[in-house]
Amino acid sequence: MFKDEIRLAPYIDKRQAAIELAWCFPGTYSIGMTGLGYQLVWWLMEQDAEVRVKRCFTDMDEGDLSKCAYFGFTLSWELDFINMVHILDKYKIKRSSTHRDENDPIVFGGGPVLTANPEPFSHLFDVILLGDAEQTVPAFINALKNLNESATRREKLEALAVIPGIYIPQAFEIEYSNDSGPILNIQNNANGFENQAQKLIFKPPQDYIAQTQILSPKTTWGDSFLMEIIRSCPQECGFCLASFLTKPVRFTSVDTIGDTVDRILPYTKKVGLLGPSISEHPKFLDILETLYKRADQGLQVTIASVRADTITEPIARKLTQLGQKSITIAIESGSQRLRDLIKKNLTTKEIEDCLGAAEAGGLQAIKFYSMVGLPYEEQADLEETISLLIRLKKMHKKLKLTLGVSSFVPKAQTPFQWFGRDKKAGDKIEFMRKSMAKAGVEVRPESNNWSDVQALLSRGDRRLEPVLNNINLENQSLGSWKKALRNRPHDCPDLQYYAYRQIPHDEILPWSHLVSDSNTSMLLQKLAK
């Protein structure tokens, strides 16, 4: 696999490299090398001449990692921790940070899961990087270079604890109430550590763009070159982690996008535009027109999810001309009432106009995303979603319509973090599937039971450590999770506590020590109807 790669990033002279570091993806090479975030962090470390970075995946690595004093992981999804543990076991690294000694590497991690709520996984990490990688990774690497070679493990962690953007879980002690209850207190300066953990935000220069650094033909996306053209989302729907965790919204300039494509065209003709809602870029049509000027060189473009109210016929036509056959739109619900309550900022007419523009512009298919079990939801809202899709199918017979249905999972550091899951969500997904099937609309439902597990981890705390340790890593089935929860210690709450209950607004949350009071106040204000 490695020998087939095309390295776009410049080669760095590593003859003076004194730091050996393993950068691990909790999955296979074919999946990991398609991840823009994984490649971004790799390049932030690789470009330093004093650091030798070796990539590592569950199925392969770049050679002997025994000399690596640091093992890093990215977690983009809650269940990534399972493959992370596989890698720790493979290289004989103790799972718990408190059990590691001077002979063990320092284990660090980052990514949206750990920035939002690292607490269920905190035992796995010595160091966690909070916030945008462009800020946290260089600060971390510079701190490593300044460490005394003879320093003990503890002295290294103490030195890292004072660096902004770095969180040392061992520096905090959590006090819980009796009978598996809420958190009573989170104490800093535990075990002699002082750590003022805070998320860092990157303010990019005008010509900055996060981009693919290595083309990997034998991966999920093949030889596609990926570019991030927007970070965060301006709409701020109440459930959306991408909106609130990565604020403020940042856009890549049109000129930078055009210059970047010109540079990579000799290597690949496939370009992917990434972002939570890329058509919210204020110059989105200009971007497409800039790319279309390169179409005669064979350029093909794929795009991530778009906003329905931003799709016009000219935009749809340009997308078609660039090789795009379909678009993906998250409507969440067909009910205007519910969309207003969750702050979706999208009208039914805008959804209808979007399909008209898509069809007129030559697109062939629309994939909708919807969600059941949302706060404030009523049965009538589900029926309105069904009615809307049936109506749209009759109005646009040339378009292939599919509907992805998931259930609401409360995410840390969003306005809906205090809401619990809906115990009827599974029945609602099945109701949607059957109703749509009768109308001839293809439905792709997500597993409601796995969403339970996702919520368990999303709002979990350190008491879940024995549960995570008891998961059968080889099986990883829902049955394994149910068994681990049944056998949990008496002081560990159950699924109801973590996933389903409504959390009082004045309760100390597992991640409260990682966010400011002003941020929590802002989230509460967003809840106002």
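Quantities reported herein were computed from a predicted structural model and do not represent experimental measurements.

Reading the values: rules and limits
- Residues numbered from 1 in each chain as written.
- Predicted model: local features only at pLDDT ≥ 70, side-chain atom pairs only at ≥ 80, totals over all residues.
- Heavy atoms only, no water.
- Salt bridge = Lys/Arg side-chain N within 4 Å of Asp/Glu carboxyl O.
- Helix = DSSP H or I, 4+ residues; strand = E, 2+ residues; numbered from the N terminus.
- Buried < 20%, exposed > 50% of the residue type's maximum accessible area, 1.4 Å probe, protein only.
- Contact = heavy atoms within 4.5 Å.
- Phe/Tyr/Trp six-rings, centres within 6.5 Å; stacked < 30°, edge-to-face > 60°.
- Lys NZ or Arg CZ within 6 Å of the ring centre and 35° of its normal.
- Polar contact = N/O pair within 3.5 Å; in protein donor to acceptor, adjacent residues only side chain to side chain.
- Pairing = 2+ DSSP bridges.
- Axes fitted to C-alpha atoms, helices over the stretch in contact; angles between N-to-C directions.
- Parallel < 35°, antiparallel > 145°, perpendicular 65-115°, else oblique.
- Left-handed = near helix turned anticlockwise from the far one by under 90°.
- Nonpolar A, V, L, I, M, F, W, Y, C, P; charged D, E, K, R; others polar.
- Core = buried A, V, L, I, M, F, W, Y, C linked by side-chain atoms within 4.5 Å.
- Expected span 1.5 Å × (residues − 1).

Asks: Help me get a handle on the pattern of salt bridges, residues and values and all.
Replies: Considering all chains together, one arrives at 42 salt bridges under this definition. The salt bridge partner of R55 is E5, with a shortest N-O separation of 2.7 Å. Within this pair, whereas R55 is found in strand β3 (residues 51–56), its partner E5 is found in the segment before β1 (6–7), the two being separated by 50 residues in sequence. For R55, a relative accessible area of 3% translates into the label buried.

Asks: Tell me about the environment of F125, and name the residues and values.
Replies: You can see F125 is positioned in the loop between α4 (112–116) and β6 (127–129). As a C-alpha pair, F125 and I106 span 19 residues in sequence and 8.0 Å in three-dimensional space. For F125, the residues in contact, after removing those within four places along its chain, are F73, L75, M84, S97, R100, V107, F108, G109, L114 and P169.

Asks: I'd love a proper account of the packing of aromatic side chains, names of residues and values included.
Replies: Two measures describe an aromatic ring pair: the distance that separates the ring centres and the angle between the ring planes. For the coordinates displayed, the defined rule picks out 18 aromatic pairs. Between the aromatic rings of W23 and Y38, the centroid separation amounts to 5.5 Å while the plane-to-plane angle is 10°, which identifies the pairing as stacked. You can see W23 sitting in strand β2 (residues 19–24) and its partner Y38 sitting in helix α2 (residues 36–46), a full 15 residues away along the chain. The pair formed by W23 and Y38 is uniform in burial state, with each residue classed as buried. Between the aromatic rings of Y376 and F419, the centroid separation amounts to 5.6 Å while the plane-to-plane angle is 75°, which identifies the pairing as edge-to-face. Here F419 lies in the loop between β18 (400–407) and α14 (425–439) and Y376 lies in the loop between β17 (365–372) and α13 (379–395), a separation of 43 residues in the sequence. The partly exposed category is assigned to Y376, whose relative accessible area is 22%. Since its relative accessible area comes to 16%, F419 is described here as buried. By the ring-pair criterion, three or more aromatic residues cluster together here, those being F2, W23, F25, Y29, Y38, F57, F108 and F140. Above the ring of F193, the side-chain terminus of R154 is found at 4.5 Å from the ring centroid.

Asks: So what's going on with the side chain of Q235? Residues and values would help.
Replies: By secondary structure assignment, the location of Q235 is in the loop between β12 (230–231) and α7 (241–245). For Q235, a relative accessible area of 18% puts it in the buried group. There is a polar contact of 3.1 Å between the side chain of Q235 and the side chain of E280. With residues near it in sequence (within four places) discarded, Q235 still touches E280, R307, K343, K344 and N345.

Asks: Which residues make up the pairing of β2, and what values do they have?
Replies: The buried fraction of β2 amounts to six of the six residues, a majority that puts the element mostly inside the structure. Alternating positions in β2 separate into two faces, I19, L21 and W23 on one and E20, A22 and C24 on the other, with burial throughout. Note that β2 and β3 share six bridges and pair parallel. Pairing of L21 across the sheet is with V53, part of β3. Where β2 meets strand β4 (residues 70–74), four bridges bridge the pair, whose relative direction is parallel. Across the sheet, the residue bridging to A22 is F71, located in β4.

Asks: Please provide a residue-by-residue account of the packing of helix α8 (residues 254–264) against helix α9 (residues 284–292), values included.
Replies: Between α8 and α9, the shortest axis-to-axis distance is 10 Å and the interhelical angle comes to 25°. Here α8 is positioned roughly parallel relative to α9, judged by the angle of their axes. Considering only the axes of α8 and α9, their crossing is right-handed. Counted together, V254, I257, G258 and V261 of α8 and D286, I287, T290 and L291 of α9 form the full contact between these two elements. Split into classes, the residues belonging to the contact of α8 with α9 amount to five nonpolar, two polar and one charged.

Asks: A description of the environment of F284 should follow, citing residues and the corresponding values.
Replies: Turning to its location among the elements, F284 is positioned in helix α9. Using a relative accessible area of 2% as the deciding quantity, one classes F284 as buried. Put simply, F284 and I315 are 31 residues apart on the chain and 8.2 Å apart in space, counted from C-alpha to C-alpha. Excluding residues within four positions of it along the chain, F284 makes contact with I229, I278, S279 and I315.

Asks: I'd love a proper account of the nonpolar core, names of residues and values included.
Replies: Generally speaking, nonpolar side chains in soluble globular proteins are found buried as a group. With 83 residues, the main nonpolar core has L21, F73, F81, F125, V127 and W481 as its most contacted residues. When residues of this core are assigned to their parent elements, the largest contribution, seven residues, is made by α2. Counting 57 residues, the second largest nonpolar core, distinct from the first, contains F225, L265, I278 and L401.

Asks: Quick rundown of helix α5 (residues 133–145)? Include the residues and the values.
Replies: In this model α5 runs 18 Å from its N-terminal to its C-terminal C-alpha over 13 residues, within 8% of the 18 Å that 1.5 Å per residue would give. Of all the positions in α5, only A133, E134, T136, V137, F140, I141, A143 and L144 are classed as buried.

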